[in-house]
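Structure assessment
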Amino acid sequence: MVDPVLSLRDLDVRFNSDGHQLRVVNGVGFDLMAGQTLGLVGESGCGKSVTSLAIMRLLASPPAEIAGGEVIFENRDLLKLSKREMREMRGGRMGMIFQEPMTSLNPVYTCGSQIIESLRRHSGLTGKAARERAIELLDTVRLPSPEKRVDDYPHQLSGGQRQRVMIALALANDPTVLIADEPTTALDVTIQAQILDLLRDLQERTGTAVLLITHDLGVVAETCQAVVVMYAGTVVERGEVGAIFADPQHPYTVGLMAAVPRMDALQGRLTAIPGSVPPPWERVVGCRFAPRCPLADDRCRNERPTLREIAPGHEIACWKAPIEGVSATGGQS
Amino acid sequence: MTALLRTEGLTKHFPVRRGTLRRQAGTVQAVTDVSFQLEANETLAIVGESGCGKSTLGRALLRLHEPSGGKVWLKDMDITALNRQGLREARKHMQIIFQDPFGSLNPRMTVRETLSEPLLLHGLATSATVRAEADRLIDLCGLARWHAERYPHEFSGGQRQRVGIARALATRPMLIVCDEPVSALDVSVQAQIVNLLQDLQRELGMAYVFISHDLAVVRHIARKVAVMYLGRIVEEATTEALFTAPRHPYTRMLIDSAPRPDPAALRHKASAKGGTPSALAMPSGCAFHPRCVLADDRCRAIRPELRQVGQSRVACHFAEAAISDNVVPIKADSPALMRRLAVLEQARAGQK
Ligand SMILES: Nc1ncnc2c1ncn2[C@@H]1O[C@H](COP(=O)(O)OP(=O)(O)OP(=O)(O)O)[C@@H](O)[C@H]1O
Ligand SMILES: Nc1ncnc2c1ncn2[C@@H]1O[C@H](COP(=O)(O)OP(=O)(O)O)[C@@H](O)[C@H]1O
Ligand code: SF4
Ligand code: SF4
Ligand SMILES: [Mg+2]
Ligand SMILES: [Mg+2]
């Protein structure tokens, strides 16, 4: 049994805005294994980015408040580290890439000098050695003519190229964990395919564990080994990628999968999930999916289901799981 | 029978100006020599990478961008020859919806006001009937009556798109240009809107020009697809032909690159190479040659014309040789997923 590289336990995040308290992440947890890519999926606003920012301690407080939980990395709780220790961690053993590359690239410095600065800070590399390593990194992420591009400013590059530079920067100090928040969402499918290839290759070579945040189940199927499905700030299902796709259990996961249009399916109506994600200020006592769930009953509306294992490594937070055989009309199955 | 929409050599080039004198330093060839036909009640999808000219084409059809050349006919009406008054009349028949309906809705107008405006402007309702007519549009688009008195910022993305669609429907158009109408939506809501568009087409009989970069959505909604590369159509075919037997190397690259929500699918290396090109620096010969695996000297020198090859129109010197069959074989959904879905649908039916 491999040990997790990073364990998130019962994370609670709230936003305090003019007297109101928004509970946007509630008891979220998962284990990220060495060499694994874990997909964190769910529709927009369900708390994926907030979760990843909380792990990296990048949430501005106020308004954000980490009200509970722990993030175990290298036998320590990241939430208890000092600001200085955390700065040491970020860009060092923990790398992060975002949807918008300019959140981590500084427009006034060249791409090379930003990588060199990170190498100096975390690995003590300077001068010619640092520059050579920077060029090597840009080459690894397959930026064309890296020895020239190293002196380019971010604005001189295309969106896909900036994304590559950001990946090079995140990987500069051989991180153990890489957190990628929608790294390809803004890119054309052609460029997305290249970037995902690149991430897979790098991972195979370095064994970095990747937390991949995405709303695209296609991206999950192609890159992840494990999946965590989030809905309205909570984990509703998690397990191996094969199990989740072959045997989705939570009504939300089932709805999500059926709603994805497929290139390899015959034309016809798409299966929509009626309604939409509840806003975070809506107080929900029971299951958060109940307003959209056809199986919801009084228990669902009053009591919050917690994750339980229904098959080895496959957990669901739903009172009715496994839903096979359940039927509102009492029919046989 | 004349087509509902027909273009011939439609072209839109933008001047690029530089310096204090704003002298013309070049041209962006956003759309060049586009010709196609669209029948009533049908959907033509326009696909391609960012910057290939999809939106410019969509806007040029309605003369929201004044074309630099070519013609557009809506039935027998030459849209490109209309004067301002005539164009205003014609716009009644041609509407457009956008990716971000928020940007195109007036934030200070309630939904009812937004819908009433075009109805009264085009004389499609009187002050006596406008209320009922707006309610009809609201019902049609799956909004609730109480939504009528609300403002755009009070809606979710999916609801705003419904408002955008309702407004487009107000003038009972024959044609709606849909510019990435579901790209900003979550999958569950995207499915609602795609279904709504299909239902409306069936009920009201409109044609759609459906602009999208998502091939899977296109396969669901369109009957014909035009693939654009740097401003030109490089392949046009029925949806079936395009997905099962793509002929242009670029079409194949796009299909290859799209991720498939199936972990068991054969995972191959991305065939895509090179970055998205710029319409400012047009390559010689075939514009796709710097990224094409099949490119040879002829490709670098001579631009291939769009020509009929089998059932498709293709702009590639090797269109005959390049055919590959059954690129995206149809796969059944996972049996477990279908069973679960059946349970949920049955329960939903039981609730009603
Ligand atoms: N008003 C304008 N002035 C100058 N160039 C323009 C203008 N509008 C568009 N262009 C250029 O024309 C080309 C086509 O742009 P267009 O917006 O049609 O692309 P698109 O295919 O819709 O891309 P996307 O998928 O990103 O929406 C691009 O190179 C763009 O920069
Ligand atoms: N700075 C903030 N102040 C208040 N609410 C916020 C802030 N940032 C995020 N939220 C809320 O937290 C919830 C989760 O957001 P996010 O993690 O960004 O979602 P996702 O990444 O899954 O799309 C959303 O309801 C969002 O509106
Ligand atoms: S707990 Fe109840 S409401 Fe929630 S997903 Fe399961 S069946 Fe639906
Ligand atoms: S004409 Fe040549 S370069 Fe262009 S797509 Fe065909 S084979 Fe490729
Ligand atoms: Mg996010
Ligand atoms: Mg566009």
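In every chain, residue numbers begin from 1 and rise along the written sequence. Each chain is given a letter, starting from A, and each ligand a number, starting from 1, according to the order in which they appear as written. Predicted model: local features are reported for residues with pLDDT of at least 70 only, side-chain atom pairs are reported and counted for 80 or more only, and whole-chain, interface and lining totals are derived from all residues. Hydrogens and water molecules were not included; the side-chain quantities draw on all heavy atoms of the structure.

Here we look at the overall build of chain B
Keep this limit in mind: Secondary structure elements follow DSSP: runs of H or I of four or more residues count as helices, runs of E of two or more count as strands, with numbering from the N terminus. For a compact globule the rule gives 2.2 Å times the number of residues to the power 0.38, and the radius of gyration it is set against comes from C-alpha atoms. Exposure classes here rest on a 1.4 Å probe applied to the protein chains alone. A residue is buried below 20% of its type maximum, exposed above 50%, and partly exposed in between. Contacts were defined at the residue level, with two residues in contact if any of their heavy atoms lie within 4.5 Å. Throughout, the Shrake-Rupley method with a 1.4 Å probe supplies accessible areas, and for residues the shown protein chains are the sole cover considered. Positive charges are assigned to Lys and Arg, negative charges to Asp and Glu, while His and the chain termini are left out of the count. For the purpose of locating charges, the reference atoms are NZ of Lys, CZ of Arg, CG of Asp and CD of Glu.
Each helix and strand counted, chain B has twelve helices and twelve strands in total. Taken over the C-alpha trace, chain B has a radius of gyration of 22 Å; the compact-globule value for 352 residues is 20 Å, and the two agree within 12%. Considering only C-alpha atoms, chain B reaches an extent of 70 × 60 × 45 Å along its principal axes. Here chain B holds 352 residues, and 54% of them are scored as buried. Taking as baseline every contact in chain B between residues at least 6 positions apart, the subset at least 24 positions apart corresponds to 65%. Only carbon and sulfur atoms are counted for the fraction: they give 51% of the accessible area of chain B, which is about 15700 Å². Put simply, chain B has 47 plus and 35 minus side-chain charges, and the middle of one group is 4 Å from the middle of the other.

Some remarks on the domain arrangement of chain A
Residues and elements named next belong to chain A. Put simply, the test is: Each domain's extent is set by a domain assignment, obtained either automatically or from a database. The term buried area means the drop in 1.4 Å probe accessible area that two parts suffer when joined, counted for both and summed. Salt bridges are defined by distance alone: a side-chain nitrogen of Lys or Arg within 4 Å of a carboxyl oxygen of Asp or Glu. Here a polar contact is recorded for every N or O atom pair within 3.5 Å, except that within protein the pair must consist of a potential hydrogen donor and a potential acceptor, and residues adjacent in sequence are included only if both atoms are side-chain atoms.
As assigned here, chain A comprises domain 1 (4-93 + 175-271) and domain 2 (107-172). Using C-alpha coordinates to define each centre, domain 1 is positioned 26 Å away from domain 2. Each partner contributes residues to the interface: domain 1 has 17 residues there, and domain 2 has 13 residues. The junction of domain 1 with domain 2 conceals about 1300 Å² of combined surface from both sides, 61% of it contributed by carbon and sulfur atoms. Among the residues domain 1 hides against domain 2, the three largest losses belong to Ile195, Leu198 and Leu202. Together they make up 32% of the total. At the boundary of domain 1 with domain 2, the tally comes to one salt bridge. Taken together, the connections running from domain 1 to domain 2 amount to five residue pairs in polar contact (both at pLDDT 80 or more).

Examining the interface of chain B and chain A
Taken together, the contact between chain B and chain A spans 60 residues of the former and 57 residues of the latter. Linking chain B to chain A there are two salt bridges. For A:Asp247, the salt bridge identified is with B:Arg340, shortest N-O distance 2.6 Å. There are 13 residue pairs in polar contact (both at pLDDT 80 or more) connecting chain B and chain A. The element contributing the most residues to the side of chain B that touches chain A is helix H12 (residues 335-351) of chain B, with 13 residues.

Quick word on the environment of B:Gly26
All names here are of chain B. Looking at the element boundaries, glycine 26 is found in strand E2 (residues 23-38). As a C-alpha pair, glycine 26 and proline 15 span eleven residues in sequence and 6.1 Å in three-dimensional space. Aside from chain neighbours lying at most four places away, what touches glycine 26 is Phe14, Pro15 and Val16.

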